[in-house]
Amino acid sequence: CENYKYLEPRPKNWRKQLYVKGRGSLTARHVVGRMYSNNLTAEETAKGYDLPIEAVLECIRYYQEHQELVDAEVREERRRGGLDPYEDKPLSTPG
């Protein structure tokens, strides 16, 4: 596993993406998804989650480096919830 200060794996969970350390079920995707979908800055997102800005930046970097995995897990989550796994597009970055 790569070195991350704020992210960690959860081996007993079906998801392979990383979670924010000490924040329960909060994944890197949740942080990045909230930021992008609400057009928030990294600073606003950090404040909203009460996280250090470095943690949000690490989540962004993780998502950019593992987008295929994260997007596949979003589709699987939708499928498990009885939704069309392809109805939702991958996260889009602002700009």
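What counts, and at which threshold
- Residues numbered from 1 in each chain as written.
- Predicted model: local features only at pLDDT ≥ 70, side-chain atom pairs only at ≥ 80, totals over all residues.
- Heavy atoms only, no water.
- Helix = DSSP H or I, 4+ residues; strand = E, 2+ residues; numbered from the N terminus.
- Buried < 20%, exposed > 50% of the residue type's maximum accessible area, 1.4 Å probe, protein only.
- Contact = heavy atoms within 4.5 Å.
- Areas by Shrake-Rupley, 256 points an atom, 1.4 Å probe, with all protein chains shown as cover.
- Axes fitted to C-alpha atoms, helices over the stretch in contact; angles between N-to-C directions.
- Parallel < 35°, antiparallel > 145°, perpendicular 65-115°, else oblique.
- Nonpolar A, V, L, I, M, F, W, Y, C, P; charged D, E, K, R; others polar.

Draft legend 1. A look at the overall build of the chain. The number of helices and strands found in the chain is four helices and two strands. Along the chain direction, N to C, the helices and strands of the chain fall in the order β-β-α-α-α-α. A buried classification covers 37% of the 95 residues belonging to the chain. Of the contacts made within the chain by residues no fewer than 6 positions apart, 45% connect residues no fewer than 24 positions apart. Summing over all exposed atoms, the chain offers an accessible surface of approximately 6,100 Å²; the carbon and sulfur share of this is 48%.

Draft legend 2. Structural detail: the packing of helix α3 (residues 53-65) against helix α4 (residues 67-80). Close contact between α3 and α4 brings their axes to 5 Å; oriented N to C, the two are set at 90 degrees. The angle between α3 and α4 places the two elements in the roughly perpendicular class. Packed against α3, whose contacting residues are Tyr62, Tyr63, Gln64 and Glu65, the element α4 presents Gln67, Leu69, Val70 and Asp71 at the interface. Of the residues that constitute the contact of α3 with α4, the class distribution is four nonpolar, two polar and two charged.

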